[in-house]
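As a plain string of letters, each chain reads:
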Amino acid sequence: TPLTLIKSYAEMVRDITYKDGVKRNEHLNVIIKESDRLNELVNDIIQLSKLESNVESLNLERYDLVGEIKEIISKFEILELTENYNFVLQAPEKAFIRADKKKMGQAIYNLINNAINYTGDDMTVYINIAKNKNGYLVEIIDTGKGIDEETLQHVWNRYYKTDKKHKRNKIGTGLGLSIVREIFEAHDFKYGVKSSLGKGTNFYFIPKK
């Protein structure tokens, strides 16, 4: 789709709107937007391919997961200011885990971004970190419409899209959750998703100390 739009609008600028400054700029902006979208898709494909083929080894280190999640949440501050989103973090003061910080950061970012896109009218995303016998239980929870049981088993598959509309007008690559899955499996972390129709969705994982 990005390539089709880029080609179509480029031809339109060349043949039709090149003399109309307003229309020309509108069409050029579509080309720029779709180029960015194509770049995101290519980057996700490359990263997923690397994860699946184990090209990159994990760079394991011990770090504070709470501090890392706070930093990730801060990246979405613009949504709090402009779209009234609310991020609720319930966590101990610190929670040290051993993992690849960069890869885990992307996995958590993807999960929070997913929750943002699907959360309910309260515009709230909950992030919970709690101790358990295996380390910590981390949950990213939205308050949206939820996912039915049949669909739930497919959400980790690449390019799989639910029939729910995004809360926000954002089109993803369809690879975000597949990347999350590969990162968690590379770490040998337990992970999963729970959902009830009308009650939102809970993506969770259990990192090791």
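Just so it is clear, the model here is predicted, and its values are computed rather than measured.

A count of helices and strands for the chain gives seven helices and seven strands. The secondary structure elements of the chain, listed N-terminal to C-terminal, are α-α-β-α-α-β-β-α-β-β-α-α-β-β. Judged by the C-alpha coordinates and their principal axes, the chain covers about 65 × 40 × 35 Å. Taking all 209 residues of the chain together, the buried fraction comes to 43%. The contacts in the chain between residues at least 6 apart in sequence include a share of 72% that link residues at least 24 apart. Accessible area of the chain: about 12,100 Å², with a carbon and sulfur share of 49%. Positive and negative charge centroids in the chain, built from 32 and 30 side chains respectively, lie 2 Å apart.

Turning to the environment of E83, a few remarks are in order. Checked against the element boundaries, E83 lands in the loop between α4 (77-82) and β2 (86-90). Given a relative accessible area of 30%, E83 falls into the partly exposed group. In this structure the C-alpha to C-alpha distance between E83 and M123, which are 40 residues apart in sequence, comes to 8.4 Å.

With that settled, consider the pairing of strand β6 (residues 190-195). As judged from the six bridges shared by β6 and strand β7 (residues 201-206), these two strands associate in the antiparallel manner. Its bridge partner being in β7, G192 is matched across the sheet by Y204.

Turning our eyes to something else, we now look at the pairing of strand β5 (residues 135-142). Across the eight residues that make up β5, a large majority, seven, are buried. One ladder, built from eight bridges, connects strand β4 (residues 124-132) with β5; its direction is antiparallel. Note on β5: the bridge partner recorded for N128 is E139. As paired elements, β5 and β7 share five bridges and run antiparallel to each other. Among the inter-strand pairings, V138 is bridged to a residue of β7, identified as F205.

This paragraph deals with the confidence of the model for the chain. On average, residues of the chain carry a pLDDT of 88, and 92% of them reach 70 or more. When mean pLDDT is taken per element in the chain, β2 scores highest with 97 and helix α2 (residues 21-53) scores lowest with 85.

Inspection of the entire model under this criterion finds six aromatic pairs. Both rings, one in F76 and one in Y109, keep their centres 5.0 Å apart while their planes meet at 25 degrees; by these two values the pair is stacked. Placement of the pair is F76 in the loop between α3 (65-74) and α4 and Y109 in helix α5 (residues 101-118), with a sequence separation of 33 residues. Under the relative-accessibility criterion, F76 is labelled buried at 4%. Each ring, one from W156 and one from Y191, has its centre 5.0 Å from the other, and the planes form 85 degrees; the classification is edge-to-face.

So, about the sheet that holds β7. The strand order β2-β4-β5-β7-β6 describes an open sheet built from five strands, whose pairing is mixed. The open sheet terminates on both sides in strands that have one partner only, identified here as β2 and β6. On average, each strand axis in the sheet is tilted by 15 degrees relative to the strand beside it, whichever way the strands run.

Residue position: I147 is located in the loop between β5 and α6 (149-152). Distance in space between the C-alpha atoms of I147 and S195 is 5.7 Å, their sequence separation being 48 residues.

Here we come to the environment of K23. One can find K23 in helix α2. Along the primary structure K23 and M12 are separated by eleven residues, whereas in three dimensions their C-alpha atoms are 9.8 Å apart.

Turning our eyes to something else, we now look at α2. The end-to-end C-alpha distance of α2, which contains 33 residues, comes to 48 Å, matching closely the 48 Å that a straight helix rising 1.5 Å per residue would cover. By the burial criterion, the buried members of α2 are H27, I31, E34, D44, Q47, L48 and L51. Two or three places before V22, at the opening of α2, D20 has a side-chain oxygen 3.2 Å from that residue's backbone nitrogen. Looking one or two places after α2, you find N54, whose phi comes out positive at around 55 degrees.

What counts as what
- Residues numbered from 1 in each chain as written.
- Predicted model: local features only at pLDDT ≥ 70, side-chain atom pairs only at ≥ 80, totals over all residues.
- Heavy atoms only, no water.
- Helix = DSSP H or I, 4+ residues; strand = E, 2+ residues; numbered from the N terminus.
- Buried < 20%, exposed > 50% of the residue type's maximum accessible area, 1.4 Å probe, protein only.
- Contact = heavy atoms within 4.5 Å.
- Areas by Shrake-Rupley, 256 points an atom, 1.4 Å probe, with all protein chains shown as cover.
- Lys, Arg positive; Asp, Glu negative; His and termini not counted.
- Charge placed at Lys NZ, Arg CZ, Asp CG, Glu CD.
- Pairing = 2+ DSSP bridges.
- pLDDT = per-residue confidence, 0-100.
- Phe/Tyr/Trp six-rings, centres within 6.5 Å; stacked < 30°, edge-to-face > 60°.
- Axes fitted to C-alpha atoms, helices over the stretch in contact; angles between N-to-C directions.
- Expected span 1.5 Å × (residues − 1).
- Polar contact = N/O pair within 3.5 Å; in protein donor to acceptor, adjacent residues only side chain to side chain.

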